[in-house]
Structures are given as C-alpha cells and as structure tokens.
Amino acid sequence: MSELASTWADRFEQWVSSHDAAEQARRRRQFQRFAATGFPGPADEAWHYTDLAAQADAGYQLAGADVAGAEEASTPIAALPGCALLVYRNGVLDRAASSAAAFDGPALAASAAAGSDDDGTQDDGGIDALNAAYASGGLVYTVAAGQRAAQQLQVVLQSQAGDTPLMSHQRHRIVLGAQAEATVLLQFVGHGGPRLTTHVIEVTLAAGARLHLHRLSSETTGATLLTRLDARLDRDAQLHLSGVAVGGGLGRHRADVRLDGSGAELHATSLQVPASGAHVDDLVRVVHAAPHGTSRIVARGIVDAHAKAIFNGRVVVRPGAQKTDSEQRLANLLLSRKAEVNAKPDLEIHADDVKCAHGATVGQLDAVALAYLRSRGIPQAEARALLLRAFATETLERLGWPALQALIAERLGLPADELDLAFGDAE
Amino acid sequence: MLDITNLHARVEEKEILKGLNLSIRPGEVHAIMGPNGAGKSTLSNVIAGREGYQVTDGSILFNGRDLLALDPEVRACEGIFLGFQYPVEIPGVSNMTLLKAAVNARRKLKGESEIAPNDFLAWVREQAKKVKIDPKMLSRGVNEGFSGGEKKRNEILQMLVLQPTLMILDETDSGLDIDALKIVSDGINALRSPERSTVLVTHYQRLLDYVQPDFVHVLARGRIVRSGGPELAKELEEKGYGWLEAA
C-alpha cells in the first residue's frame, strides 16, 4: 500500500481542500486510517474470499455531480407499486427521478448532506475509513416513535462510468423510534466501465421498532460494490433483513447486527444468484449482547458457470446473553464444475443456556425430480427452471413483499408462479 | 399402438430384459405380472424413457414411430403416461404448476396457444374430485407431505388431466387399501376407450378384479414366458410364481 498511497493521497488532498477546516481534519483522519491499511487482501480473515488488492491500482476518480448528470437523468426508473422513490446516481441525489412523496412525509426525509461525523470505530479492512473519508450524503430516514411509515421506501442507487474509472461513496442512516415501523428497499443497479461504490448504512432501532430492510443488487460487469450495514437493536426491536444478489460484477456485503436489548430479533434472508463471471460475498455477523435474543439466518445460492458465491454467517453470543435462540441454514445449488461456493455458518458462544443451530449444504439439482417433470412432458430447460424457482421460493416468500418477490423472480428469469389462482373458494 | 420386438435392456451392467416381445392394439388392457426382479419396472421405465436404462437390442414402435429415439418429455407429449411406483415429492413446485406446464407443453407441440388459466383450474378441480383429492392440495408442492395412497391418487389425477393414449401403471396398486384401490381403479376405467390402451404392471391379482384386462402376460427372467386371458391371473393367484422358477 505504501507507494500507491501517494497517488491516492495526492488525489485526496486535491479534493479535500475545498472543504472547511473542521471537515478537512475529519476527512483527513479517515483517509489516514485508510492509507494505513489500504485495501484488504487475502491476509485479512473477513476478506478471505474477496481480494481487493487490485483496486488500489484501478485509477479511480471521484465521481462528481457532473458525471451523474443529464445523460442518464432521462432513464426512467420504475417504482414498485405504492413506494416512495429516491434515486441516487453515482452518489448524487436525482430529485427529478425521485418521487415527491419521498420528501413530503413527516417521517420521511432524504438529505444530500449526511456528514461523516462517526469516527468509525468499526473497521472493515479499511473500507469503512475510505468510505468515511470521501462520503457524500445519502439517505437519512427517521421514523418517530409510535409511527408507521405511510409508504415503503425504494432507494435506487445507480453507478455508472465511461472509460474513466469512477468511484463514489455514500453513508446512509435509518433511525426508528420506539415501536416505529418501516420498510426500505435499497436497490443497486449500474452499467458501464470500471466503478467502485461503497455504502455504509447505519441502522438504529429503538425498543420495539420494526424495520424491514431489503437489498437487491443487480449490478453488472465493471462494478465493485461494497456495502456494510451496521445495526443496533434495542429491547424487542426486530430487524428483517434481506439481501438478494443477481447479475454481474463483484459484490461484497457485510452486515453487522448487534442485539443490544433483550428480546431483540434478527431475521436475515439471503439469495445469491451470480451471473457467469460474477463474484458475490456475503457476511452476516450478529452479536447477541443481551438475553432472549433471536437470530435466524436463511441463505441460499444458485451458482452456475464461472460464478463464485460466498456466504459466511457468524453468530456471537456474549457472556450473559442467556436464552439466545439462533439458527443458521445455508443451502447452495452448484450447477457447474466451474462454479465455486463457500458457505460457512460460524458460532462463537460465551453463554451456557442457549440454543444455536446451524447447517450448510451444497448440492446439485435433484435428478429424480427433474426426470419426473420430464416424464410429464415438461421440456428439460423448463423443468430445470421450475426446480430452481422452487429452491429460491423459500427465501423469496420470507420477504413478505409480493411486488418485490415478483421483481426478483423476473430478474432471475424464473417462470411465473401459477399460484395466484384462487384456491380458497373451493366448495 | 405399441410394438415391442426382441427388447434387450440393462441397468448399469446388469441385463434385465432379454428379448421381450409385446404388441398392444388400441383399446386393449394388458396386465403384466411376474415375480419380483423379473423386469416389470424396467419395462415400464424403458417405455417412458427414463435415464439410466440402456437398450442394447430390439425396438419399440409407438404408432409406427421409433420410440427409443425420442426424449422422455416428447414421449409424454405424444401420449405416453407412466404412473410411478414411487412418485417423488417436489417441494416448491405446486401440483397445479406441474399440470399447467405439462398441458401447455403438449399444446405448444401442437402449435396451440396456452390454456386459459380459469377454465383449466375448473377442469382440474373436477378431475381432483373424481380421485377424492381436496382441491386445496393442488396448491401444495407435488406430492409434498402426501400419504402413500394420496401419491398414487395424485398419479391418477395427473393421468386424468393429461389424457394419455397409452397408460402404463407401474405397481400403482401396491400399498393401497381397498377404498384407495377402488378410487384408483375408477380413474383408470374412466379413461378406457377404443383409442386408449393400458398396461397394468402388477404383482397382485387384486387390481384385476377392478380393472378387467383383455390380456395377461407373465414376465419372468427378462421375457414374457406366458400370455393368456384374465383366467391366467386367477391361475397365478392360486399357484403363485414358484412354478415359473421350476419351469
């Protein structure tokens, strides 16, 4: 890292000097942290399967407002039914493409100026520091105590680059007051040349709050998308987390969830279906820091030709977190000899009265089921698609949002579900 | 309709069928009986085109066409239906989805448009009643959590919906109680017609009390060793299969 630091440092100095003194000092501090560690490499355990060392030499320029400009502003982005829509392009809010409702509601405010006041006690191989050094604004979403957000919030985060490699870094914050409820979809899309995008999402849930937070990444070749979620849950709060990765590029998604209050719950669902050549790496780490906490991690992957999928679940039960109830279920379909899957559920338990289950499987499509479907006249390709859909369905159903489920199924190219037909009125 | 000549087939390295001949004309019901391991299931599976069965000699013509050259899904669309001895469970693929995909595959082959969902649903429900399957079970995964009897009735339901011209029922009667046996038999009888043929592969004579065969064949050691009318089944019931081993 030492010699590349100079290139990065020159660019950073150029850019940071336009800020006021206090801001410069804060960002410099973060940059120095990044410079000290550099991009994570294979030696870093949390990045064992995703080597970012080459990113240092990619020659990224910081994307500015001009790049996020007119050309793409006309690209329509479809909002899911009933959603308030926010659109960011290369880290810059696109008000024209967003829906007015996203700025109107009393509980809903999007800001382009979330500062990076956090000194980043968490450290994710220098990426947090890089993000904090450069962070532009992002979503700031606050739902007051006892309120339920009137609409689901769909946030589209688009990356784009031409011949010049570009990077953008955003920080988002979601804060729910006691007993508040909200649903947020973070949708990552992009196209074009090499681009590095980092997002840090801070989530704070007060007692009894419930947040459904979905991530759908359908990036394309050229993208390096790094997200990190840092969530803290107070007493009886519930975080329903989903992460769906389809499409191409490199994606690495880390979620750190701390169950600080007793009775807090994490329900995490992951579906990885990387395209050929793509690399997706998920890490979900939950810390049970209080008694009676629940964590459920259900992760599935469908991995075909030349794709790589990594899923690490890590459950840490701190001393005193008695009556913890935790379960990790990881399952993967490996459809090609050229594909690679690494799935590991990890446990670290420092309390004695807990229930922690975990399991991981990697297998092939059920040949007997495939033969059965073909024996009924269903062509092989369609039979395979039906079985793949069946495998993905269990995770999709956990999302509890039919419009999102349909969108994902469509992205996956899976056949439509026939079950919309009403069976309830059977005589 | 079906002409099997000198059929030799093996599973892995073991030769199971050793020169089997069988001819079935439209409208006929043939029962194929025999001791365990005689090759009854192998015959069914070879006709349906399941993977893992290797035909080493002989031919099967279906309405004059070389059946062995066709993929299993094409054979099914051409009118062959195999009722399995052990139907598989497929969680996540609903019975209705399977039926609709199967029917639409046939329609596509004939150049017809997809079936109208509501008409189809009503039609399937009607068939389900015939085999005493609760229409609610149609939205469940294929055979998911079904009892042994329900699985067999579900096979018959699929047959009623798909309307094959050649029905091959591989030990469909095994493991059924009298009530279920009657439901299954009614389903088979409902489809009997001058254009449709049936092959009943069974170990027991019991099914043949409900579905009257025109011909009964005894399969032993990889070939048909005796053929006759319904009375042959009675004889087997009385004498068992032991005399075949002796012969």
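Residues numbered from 1 in each chain as written. Chains lettered and ligands numbered in written order. Predicted model: local features only at pLDDT ≥ 70, side-chain atom pairs only at ≥ 80, totals over all residues. Heavy atoms only, no water.

### Describing the overall build of chain B
- Looking only at helices and strands, chain B features 9 helices and 12 strands.
- Overall, chain B is about 55 × 40 × 35 Å in size when its C-alpha atoms are taken along their principal axes.
- Expressed as a percentage of its 247 residues, the buried residues of chain B come to 56%.
- Long-range pairs, those at least 24 residues apart, make up 70% of the contacts in chain B between residues at least 6 apart in sequence.
- When the accessible surface of chain B is summed, it comes to about 10500 Å², and 48% of that surface belongs to carbon and sulfur atoms.
- Here chain B holds 31 positive side-chain charges and 34 negative ones, and the gap between their average locations is 2 Å. (Helix = DSSP H or I, 4+ residues; strand = E, 2+ residues; numbered from the N terminus. Buried < 20%, exposed > 50% of the residue type's maximum accessible area, 1.4 Å probe, protein only. Contact = heavy atoms within 4.5 Å. Areas by Shrake-Rupley, 256 points an atom, 1.4 Å probe, with all protein chains shown as cover. Lys, Arg positive; Asp, Glu negative; His and termini not counted. Charge placed at Lys NZ, Arg CZ, Asp CG, Glu CD.)

### Here's the deal with the confidence of the model for chain A
Residues and elements named next belong to chain A.
- Averaged over every residue, the pLDDT of chain A is 88; the share at 70 or more is 88%.
- A low-confidence stretch, residues 106-117 (pLDDT under 50), is modelled with 38 contacts involving residues beyond four sequence positions or located in other chains.
- Long-range and interchain partners of residues 419-427, a stretch whose pLDDT sits below 50, account for 18 contacts in this model, where long-range means more than four residues apart. (pLDDT = per-residue confidence, 0-100.)

### Comments concerning the environment of Leu388 of chain A
- Checked against the element boundaries, Leu388 of chain A lands in helix α7 (residues 380-398).
- On the accessibility criterion, Leu388 of chain A (14% relative accessible area) is buried.

### Describing the side chain of Asn143 of chain B
- Locating Asn143 of chain B in the fold gives a position in the loop between β8 (141-142) and α5 (148-162).
- For Asn143 of chain B, the residues in contact, after removing those within four places along its chain, are Tyr372 of chain A together with Pro87, Val88, Glu89, Asn95, Lys151, Asn154 and Glu155 of chain B.

### So, the sheet that holds strand β5 (residues 65-66) of chain B
Residue and element names in this part refer to chain B.
- The 4 strands lie next to each other as β2-β1-β4-β5, forming an open sheet whose pairing is antiparallel. Every interior strand has two partners, whereas the edge strands, β2 (14-24) and β5, have only one.
- By the bridge criterion, 8 bridges tie strand β1 (residues 2-11) to strand β4 (residues 53-62) in an arrangement that is antiparallel. Bridged to Arg10 within β4 is Gln54. (Pairing = 2+ DSSP bridges.)

### With respect to the packing of helix α2 (residues 21-37) of chain A against helix α5 (residues 127-134) of chain A
All names here are of chain A.
- Look at α2 against α5: their axes get within 8 Å of each other, and the N-to-C directions meet at 155°. Compared by their axis directions, α2 and α5 come out roughly antiparallel. Along this stretch, α2 crosses α5, giving a crossing that reads as left-handed. Facing α2, whose interface residues are Arg27, Gln30, Phe31, Arg33 and Phe34, α5 presents Asp128, Ala129, Leu130, Ala132, Ala133 and Tyr134. (Axes fitted to C-alpha atoms, helices over the stretch in contact; angles between N-to-C directions. Parallel < 35°, antiparallel > 145°, perpendicular 65-115°, else oblique. Left-handed = near helix turned anticlockwise from the far one by under 90°.)

### Some points on the side chain of Ser197 of chain B
Residue and element names in this part refer to chain B.
- Position of Ser197 among the secondary structure elements: in strand β10 (residues 197-202).
- In this structure the side chain of Ser197 is engaged in a polar contact, spanning 3.5 Å, whose partner is the backbone nitrogen of Gly27.
- Those residues in contact with Ser197 that sit more than four places away from it in its chain are Met1, Ile24, Arg25, Pro26, Gly27, Glu28, Thr165, Leu166 and Met167. (Polar contact = N/O pair within 3.5 Å; in protein donor to acceptor, adjacent residues only side chain to side chain.)

### Some words on unusual backbone geometry
- Positive phi is not limited to glycine here, since Gln179 of chain A has a value of about 65°.
- Inspection of the secondary structure assignment puts Gln179 of chain A in the loop between β6 (166-176) and β7 (181-192).
- The backbone of Glu12 of chain B shows a phi angle near 50°, a positive value even though the residue is not glycine.
- Mapped onto the elements of the fold, Glu12 of chain B is located in the loop between β1 and β2.

### Considerations on the interface of chain A and chain B
- The interface of chain A with chain B comprises 25 residues on the first partner and 39 residues on the second.
- Both faces considered, chain A and chain B share a buried interface measuring about 2700 Å² in area, 65% of it formed by carbon and sulfur atoms.
- Linking chain A with chain B are 3 salt bridges, by the criterion used here.
- For Arg374 of chain A, the salt bridge is made with Glu73 of chain B, and the minimal N-O distance between the two is 2.7 Å.
- The interface formed by chain A and chain B contains 9 residue pairs in polar contact (both at pLDDT 80 or more).
- At the level of secondary structure, the elements contributing two or more residues to the side of chain A that touches chain B comprise α6 (367-375) and α7 of chain A.
- In terms of residue count, the dominant contributor to the side of chain A that touches chain B is α6 of chain A (7 residues).
- Here the residues of the side of chain A that touches chain B sort into 15 nonpolar, 3 polar and 7 charged. (Buried area = accessible area lost by both parts, 1.4 Å probe. Salt bridge = Lys/Arg side-chain N within 4 Å of Asp/Glu carboxyl O. Nonpolar A, V, L, I, M, F, W, Y, C, P; charged D, E, K, R; others polar.)

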